[in-house]
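Analysis of the macromolecular model
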Number of protein chains: 2
Amino acid sequence: MSSFEDADTEETLTCLQMTLYHPDHLQTGRFQAIRFCHREKLPSHKVVNFGRHSSTCHYIFQDKQVSRIQFSLQLFRDFNSSVLSFEIKNMSQKTSLIVDNHELGYLNKVKLPPKCILRFGDYQCLVEKQDGESLTFFETQFALSPTCLLQENLWPLRMPVPENGPQSTLYSTLPTEMDENEL
Amino acid sequence: MSSFEDADTEETLTCLQMTLYHPDHLQTGRFQAIRFCHREKLPSHKVVNFGRHSSTCHYIFQDKQVSRIQFSLQLFRDFNSSVLSFEIKNMSQKTSLIVDNHELGYLNKVKLPPKCILRFGDYQCLVEKQDGESLTFFETQFALSPTCLLQENLWPLRMPVPENGPQSTLYSTLPTEMDENEL
């Protein structure tokens, strides 16, 4: 049995592969809490938070520019479908989340396409979904990209035009240490 | 300042009023963990689980017929809207969740209308939403109905026709003690 299957049912698992990029990933330990090249099996009912807050988030970015909860991923099923889909919700009050060309404000959400690029601040993440049979579990797998995902010309995004220079629209002027997402 | 406002910002809070009914509510303690006639303030990013499992669920039904997580409620914002909306997702693999006339299977989800009736097993719940200004917090409030919500003729539901008698379609034949939603 491969790691792509549920050990009990031998059903294949839906897998979300996430390739992360940040221009300063070599200089700091922002990704040191992420286990790369490892498949993690999670229950389908789990809401997976990504962010800075270690007790609330399942995947942690060690970076004060990142919100306590930056975004959340969760599974759902369309009616009359046996395919698991992912929904992403922006949980940050200070930072927009860009899904391909769609900008999500606080608590906005979208269904993820099978392949897309997420952006928040200087972070980029290529997300690729592989469908599986199990409705009970799914898997995640992380990779690290040494090069910018947008400059590789693999993803012809129409970049939004910032008003005040590159990236300036992705972080607002709110303080980075505000108590958003405080439990 | 009333309890309907955020103490810091004085913004009014979106409130979800939930009126619960179960035919055996007097005989057992199924609702003893629910605090009735009390407004609870919760952060908008919180996913609120309802079910039997005390460590996973925020609101607990003490009833072995109820799944570990029966359903979840969470807030979101439509694009270009300042109004908070609620989404409900069925988290039970054994029991359908009926939202007015829409039957939700496992991991199916819908946006809640401003007023609706939820049903699962013998449980009924009238849900009424009051909009507020705050995007950071919302409130819940529970009431207990001594009478069936459907028979009061206040809610002209077109009841689905069960094949094997009343309520038989709402619980499947799966065992009640299966380990669904096991973390």
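First things first, this report covers the structure right here in the doc. (Residues numbered from 1 in each chain as written. Chains lettered and ligands numbered in written order. Predicted model: local features only at pLDDT ≥ 70, side-chain atom pairs only at ≥ 80, totals over all residues. Heavy atoms only, no water.)

**Remarks on the packing of aromatic side chains**
Following the criterion strictly, the structure yields 26 aromatic pairs over all chains and no others. Taken together, a centroid distance of 5.2 Å and an interplanar angle of 45° make the contact between F50 of chain A and Y59 of chain A tilted. The pair formed by F50 of chain A and Y59 of chain A is uniform in burial state, with each residue classed as buried. Taking the centre distance of 4.6 Å and the plane angle of 65° together, the rings of Y59 of chain B and F142 of chain B count as edge-to-face. Of this pair, Y59 of chain B sits in strand β4 (residues 59-60) while F142 of chain B sits in strand β12 (residues 137-144), placing them 83 residues apart in sequence. Exposure remark for F142 of chain B: the relative accessible area of 2% places this residue in the buried category. An aromatic cluster is defined as three or more aromatic residues linked by ring pairs; in this entry it consists of F31, F36, F50, Y59, F61, F71, F120, Y123 and F142 of chain A. Here the guanidinium or amino end of K109 of chain A rests over the ring plane of F76 of chain B, the centre of that ring lying 4.3 Å away. (Phe/Tyr/Trp six-rings, centres within 6.5 Å; stacked < 30°, edge-to-face > 60°. Buried < 20%, exposed > 50% of the residue type's maximum accessible area, 1.4 Å probe, protein only. Helix = DSSP H or I, 4+ residues; strand = E, 2+ residues; numbered from the N terminus. Lys NZ or Arg CZ within 6 Å of the ring centre and 35° of its normal.)

**Some words on the environment of T136 of chain A**
Mapped onto the elements, T136 of chain A comes out in the loop between β11 (123-130) and β12 (137-144). Taking relative accessible area as the criterion, T136 of chain A reaches 28% and is therefore assigned partly exposed. Along the backbone, T136 of chain A and P114 of chain A are 22 residues apart, and their C-alpha atoms lie at a distance of 20 Å. Ignoring any residue separated from it by four or fewer positions in sequence, one finds T136 of chain A in contact with L42, P43 and S44 of chain A together with Q93 and Y106 of chain B. (Contact = heavy atoms within 4.5 Å.)

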